[in-house]
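What follows is the residue order along each chain.
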Amino acid sequence: MLSGWSILLTSLAYLCLLFAIAYYVDKRADAGRSVIANPYIYALSIAVYCTSWTFYGSVGRAASSGIDFLPIYLGPTLTFVVWWFVLRKIIRISKAHRITSIADFISSRYGKSTQLGVLVTVIAVVGIMPYISLQLKAVSTSFNVLLQYPEVITPHPSGRVPVLQDTAFLVALVMAAFAILFGTRHIDASEHHEGMVAAIAFESLVKLIAFLAVGLFVTFGLYDGFADLFATARATPEVANLLTLSGASYGQWMTLTLLSMAAIVCLPRQFQVTVVENVNEAHLEKAVWLFPLYLLIINIFVLPIALGGRLAFPDGGVDADTFVLTLPMFDQQEFLALFAFIGGLSAATGMVIVAAIALSTMVSNDLVMPVLLRLTWLRLTERGDLTVLLLFIRRASIILILLLGYAYFHLIGESDALVTIGLVSFAAAAQFAPAIIGGIFWKAGTRRGAVTGLSLGFAVWAYTLLLPSFARSGWLPIEFIDAGPLGMGLLKPHELFGLQGMDSLSHALFWSMLVNIGGYVALSLRSHPSAIERIQAALFVDVFRQSSAQGGSRFWRGSATVADLRALIVRFVGKSTAQRALGGYARARGLNLAKLRQADADLVNFAERLLAGAIGAASARVMVASVAKGEVVGIEEVMKILEETSQVIEYSHTLEQKSRELEATTAELRAANERLKELDRLKDDFLSTVSHELRTPLTSIRSFSEILFDNPDLDTEERSRFLTIIVKESERLTRLINQILDLAKMEAGRMEWELDDIDPRAVIDEALAVSSGLLAEKSVRLEVKLDGHLPRVHVDRDRLMQVIVNLLSNAVKFCHQTHGLVVVSAETRDEGLYVSVADNGPGVAPENRRMIFEKFQQANEALTDRPGGSGLGLAISRQIVEYFGGRIWVESVPGHGAKFAFTIPLERAPVAQSAE
Amino acid sequence: MYRPGLVGERAIALFLLAFLAFNPPLLSIFSADVILFGVPLLYFYLFCVWAGTIALIGLHAVSGTRAAGEEPPAPPGGGELGGR
């Protein structure tokens, strides 16, 4: 059965497994084969957001006020929606500046100010205290509840137990030991803790599976699925109101959403896993939806478990915060209960370990080291290896932080619900939001503004949330809450300056944010930033406009010896790391550091960033300044450099635009050139065809003339036959030349058109009359179908006739050899006047129907016996019809004749070709 | 160069949309004593909108980063500090 020992052994075995994972991953990382460098582990490590608060507290919250537990998870989703602006930028900045913690980030942004680093660290440590106590409370409570198995009772608060026998105290010590083992095995210049990340990612998996197991058990084991559970809940009046919004107030809903939106970035441990431990910015792309998905999945069963608990323990004898554990116990599922306990332990240890590491880094880098370095009598700056000191400070601060958390739990936290305790911490972390968000988007934010905003916000937070919790626990007189300090009603912590009608959390958030943002903005606008503040502001806000390598070296005019810098780095990061780092730097730039005496600005800057990774930006600056002569450049020069940069950017913009324009012009020119080449080719084709067409009749004229010339005694019959041929060929030549001239004129737009309103019937009749000889010669039958009334059209009469005559002679040429039939018809259609000339010849193949309207193209070119004609008739006809605004085409079924048709629009001005 | 362009615009639109969808006055409309697929209407609505938001983040994150064509820089000085 579940004895104290078996629970303890299981827990220890689990923690050892965690450590084994971390150890293995660290070893792999040392060997250069990182296990955690993928977006899934990254997303799971961000899920350290889900602590005991989620695992136990959410259910407790849902059991008392229903839906109210959810905004805490919707807020992070909203923040992740705008990851492109916020998270990506913070990560990019942090990588460029070797940021190691949230305190480092804020102090670095506002001029590497030590003062700000200290302030942020103090706020973080004090603010997170309640959160850590929450985890201790959850673990010790769940342990004590599980210990009672198979009885289901909530044990008494442990306040009366001596400290050394208190479960929570032992839990705090064990967790401190683990945090030290995970986080402070060595000083690392890049501040990545791969082993820790792997361990908390694993824990995220365990707590998710444990919670889902309990949820599935309640929903499908105790009940018949969701429908059954919800139906039972609806039928029970005491819990039915949890299914609607009735329990939650609008104001509180918004407060929780806003708080959690800020918390997902501003909580030190979230900053640690999301920003500092990020190995590759590209992982963000997947993590931004994987992490919200994790939140969604872990929240599905919160309400079912809460409802199941309320229904199983209707008398309220069991603390709702323990439902996850007590429901399996209630049904005698001891292994599920043990698994749930392990899940809760995962949630708690994950949070405590990361928070402790993040806070200890801040305490050592931004609080203790700057102070120690300033105490000149310690002569710290002249000591040898300082890595041991650094590690000692971090380990001591981890123990201190956990003891503080335990103290808060022991003195205060026992009475409140888990979520209530946690929200106090959220409100503290939210105080960082204005300084961070303002810092990455607003260049005018200054150090004085940030200091003022943070101090005021923190003070109001402490007054409206922290002190009242002391009062409720009896460490301050309760009149402090009810009547205000010394009876001053205006200063009542939950109704400051008479502001009533809000819950205490919304009230605290409103006042603290009012003074925080107000102080930040007002003093930023009033104060004049120093040179380094301006530099850092520009580097942070415009991080995407700089190449990461250049950092801030162009602002540095100091000089130092290489030996001094090397000694400095060795003292803080250890000999081997320093050797490797400097060696890499020298190789990358092709320098030989052994021969170099004076370090240039670049090397000084590199050393400072290297140190910043180990001891924070503010301390690194102090240290480098102690060996380097000279200072950052003056304010005027900074402005000039910034000015120049923006001018260069402006200039390159203009250049880019110019080059784009140039490219467009080139493309146009190329197209025009192609067109010219094409025209040139067409002209060549045309010339060769024309000369060929001209030479044929000329050749025959010449040869017959020569025969006549050479043979004067040719008989008369023969002679007259030859002469007839010569005359015909000459006529053909004349016609051809006339047509070429016409076509050339038309194409060049120099044709003279005599446009007039004419009756098409008269034109058709005349054309038929002109062609009648031709028709009779070939004994072709003619059918004419003209509509009774044909509209007048605005055309050149002679040209229109030319078209019809062309089509007629064409039809005669191609119609049936013996039973030739040509049908001419005209009618009015939508398009205008429609005229067609059909024959019963071989027809035109589909692939030729377009081509025959081109110059010198005849459909049956393959035939040796080419029908007479120049091959220009249809081309000219097309030119004419198109000039009149109509179109010409051919319809044909091969073997059954062809029908040439054209239309001429009514009442429309002809296409003004000649106007060009 | 950094141009937020389409990715940024979509992100802001989605943020505003989701913020409105999770607004209490709107939620109170769905806060009725109605059961849909065996689940109270309010919970059904909240989880559906939530899932939809996550799907859209995922969709835009992938296509967005590609559209922006911006490669994140290699971790600065990776070679210099890879060891420990």
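Being a predicted model, the structure only gives us computed values, none of them experimental.

How each quantity is defined
Residues numbered from 1 in each chain as written. Chains lettered and ligands numbered in written order. Predicted model: local features only at pLDDT ≥ 70, side-chain atom pairs only at ≥ 80, totals over all residues. Heavy atoms only, no water. Helix = DSSP H or I, 4+ residues; strand = E, 2+ residues; numbered from the N terminus. Buried < 20%, exposed > 50% of the residue type's maximum accessible area, 1.4 Å probe, protein only. Contact = heavy atoms within 4.5 Å. Areas by Shrake-Rupley, 256 points an atom, 1.4 Å probe, with all protein chains shown as cover. Expected span 1.5 Å × (residues − 1). Axes fitted to C-alpha atoms, helices over the stretch in contact; angles between N-to-C directions. Parallel < 35°, antiparallel > 145°, perpendicular 65-115°, else oblique. Nonpolar A, V, L, I, M, F, W, Y, C, P; charged D, E, K, R; others polar. pLDDT = per-residue confidence, 0-100. Patch = residues over 30% accessible without salt bridge, like charges linked within 9 Å, V, L, I, M, F, W, Y side chains within 5 Å. Salt bridge = Lys/Arg side-chain N within 4 Å of Asp/Glu carboxyl O. Core = buried A, V, L, I, M, F, W, Y, C linked by side-chain atoms within 4.5 Å. Left-handed = near helix turned anticlockwise from the far one by under 90°. Phe/Tyr/Trp six-rings, centres within 6.5 Å; stacked < 30°, edge-to-face > 60°. Polar contact = N/O pair within 3.5 Å; in protein donor to acceptor, adjacent residues only side chain to side chain. Pairing = 2+ DSSP bridges.

(A) Representation of the overall build of chain A in the model. A count of helices and strands for chain A gives 33 helices and nine strands. Here chain A holds 916 residues, and the buried ones make up 55% of them. A sequence separation of at least 24 residues applies to 81% of the contacts in chain A between residues at least 6 apart. A total accessible area of about 39000 Å² is found for chain A, and carbon and sulfur atoms account for 60% of it.

(B) Helix 23 (residues 504-526) of chain A, seen in detail. Residues and elements named next belong to chain A. For helix 23, with 23 residues, the first-to-last C-alpha span of 33 Å sits near the 33 Å given by 1.5 Å per residue. Restricting attention to buried positions, one finds in helix 23 the residues L505, S506, H507, A508, L509, W511, S512, M513, N516, G519, Y520 and S524. Elements that come into contact with the buried residues of helix 23 comprise helix 12 (250-266), helix 19 (418-430), helix 20 (433-441) and helix 21 (447-472).

(C) Representation of the packing of helix 25 (residues 562-573) of chain A against helix 27 (residues 601-615) of chain A. Residues and elements named next belong to chain A. Packing of helix 25 against helix 27 brings their axes to within 10 Å, and their N-to-C directions diverge by 10°. As summarised for this structure, helix 25 and helix 27 are arranged roughly parallel, according to the angle between their axes. Packed against helix 25, whose contacting residues are V562, L565, L568, I569, F572 and V573, the element helix 27 presents L603, V604, A607, L610, L611, A614 and I615 at the interface. In the contact of helix 25 with helix 27, the residues fall into 13 nonpolar, no polar and no charged.

(D) Structural context of helix 25 of chain A. Residue and element names in this part refer to chain A. Relative to the 16 Å expected for twelve residues at 1.5 Å per residue, helix 25 spans 16 Å between its end C-alpha atoms, a close match to the ideal helical length. Those residues of helix 25 not exposed but buried are V562, L565, L568, I569, R571, F572 and V573. Count one or two residues on from helix 25 and you reach G574, which has phi positive near 90°.

(E) Inspection of the confidence of the model for chain A at higher detail. Residue and element names in this part refer to chain A. Considering every residue of chain A, the mean pLDDT works out to 81; 88% of them sit at 70 or more. The model gives residues 860-867 a pLDDT under 50, and that stretch makes eight contacts with residues more than four places away or in other chains. Scored below 50 in pLDDT, residues 909-916 makes eleven contacts in the model with residues more than four places away or belonging to other chains.

(F) Structural detail: a nonpolar patch on the surface. Together, L170, L173, I399 and L403 of chain A line one region of the surface with nonpolar side chains, adding up to about 310 Å² of accessible area. Residue assignment for the nonpolar patch shows that the elements contributing at least two residues are helix 8 (167-183) and helix 18 (387-413) of chain A.

(G) Structural view of the pattern of salt bridges. All names here are of chain A. Per the stated rule, a full pass over the model turns up 13 salt bridges over all chains. Of the charged contacts, one joins R702 and E706 as a salt bridge, the two residues approaching to 3.3 Å between their closest N and O atoms. Residue R702 and its partner E706 are located together in helix 29 (residues 635-710), separated by four residues, close to a single helical turn. For R702, a relative accessible area of 58% gives the class exposed. Take E706: its relative accessible area is 38%, and that puts it in the partly exposed class. Between D742 and R799 there is a salt bridge, with its nearest N and O atoms 3.5 Å apart. Taken together, the positions of D742 in helix 30 (residues 716-748) and R799 in helix 32 (residues 797-814) put the pair 57 residues apart, joining distant regions of the chain. Of the two residues, D742 and R799, neither departs from the other in class, the shared state being buried.

(H) Region of the structure containing the nonpolar core. In this structure, I305, F426 and F432 of chain A together with L46 and W50 of chain B are the most contacted members of the largest nonpolar core, which totals 209 residues. Ranked by residue count, the leading element in this core is helix 17 (residues 334-374) of chain A, at 19 residues. Each residue touching L46 of chain B, except ones within four places of it in the same chain, is listed here: I67, L70, L74 and W253 of chain A together with F22 and L27 of chain B. Core analysis: the second largest hydrophobic core is formed by 48 residues, V780, V837, V844 and L874 of chain A among them.

(I) Region of interest: the packing of helix 32 of chain A against helix 33 (residues 873-883) of chain A. All names here are of chain A. One way to put it is that helix 32 packs onto helix 33 with a least axis distance of 9 Å and a crossing angle of 145°. Between helix 32 and helix 33 lies a crossing whose hand is left-handed. Residue-level inspection shows R799, Q802, V803, N806, L807 and N810 of helix 32 in contact with helix 33, the latter providing G873, L874, I876, S877, I880 and V881.

(J) Representation of the packing of aromatic side chains. Residues and elements named next belong to chain A. Enumeration according to the criterion identifies 37 aromatic pairs over all chains in this entry. With a centroid separation of 5.7 Å and an interplanar angle of 70°, the aromatic rings of W753 and F884 are classed as edge-to-face. Residue W753 is located in the loop between helix 30 and strand 3 (755-758), and its partner F884 is located in the loop between helix 33 and strand 8 (887-892); the two are separated by 131 residues in the primary sequence. One exposure class covers both W753 and F884, and it is buried.

(K) The arrangement of the interface of chain A and chain B in detail. Chain A puts 65 residues into the contact, and the matching count from chain B is 49 residues. Where chain A touches chain B, the interface holds zero salt bridges. Where chain A touches chain B, the interface holds three residue pairs in polar contact (both at pLDDT 80 or more). For the side of chain A that touches chain B, the leading source of residues is helix 14 (residues 283-299) of chain A, giving eight residues. Partitioned by chemical class, the residues of the side of chain A that touches chain B number 40 nonpolar, ten polar and 15 charged.

(L) Fine view of the sheet that holds strand 9 (residues 898-904) of chain A. Residue and element names in this part refer to chain A. The sheet built from five strands is open, its strands ordered 4-6-7-9-8 with mixed pairing. Each edge of the open sheet is held by one strand with a lone partner, namely strand 4 (781-786) and strand 8. When strand polarity is set aside, the average angle formed by the axes of neighbouring strands in this sheet is 15°. Note that strand 6 (residues 821-829) and strand 7 (residues 832-839) share eight bridges and pair antiparallel. Looking at the pairing, V822 lines up with D839 of strand 7. Packed on one face of the sheet, helix 31 (residues 760-777) meets strand 4, strand 6 and strand 7 and runs near 180° to strand 4. Against the sheet, helix 33 contacts strand 8 and strand 9, and its axis sits at roughly 130° relative to strand 8.

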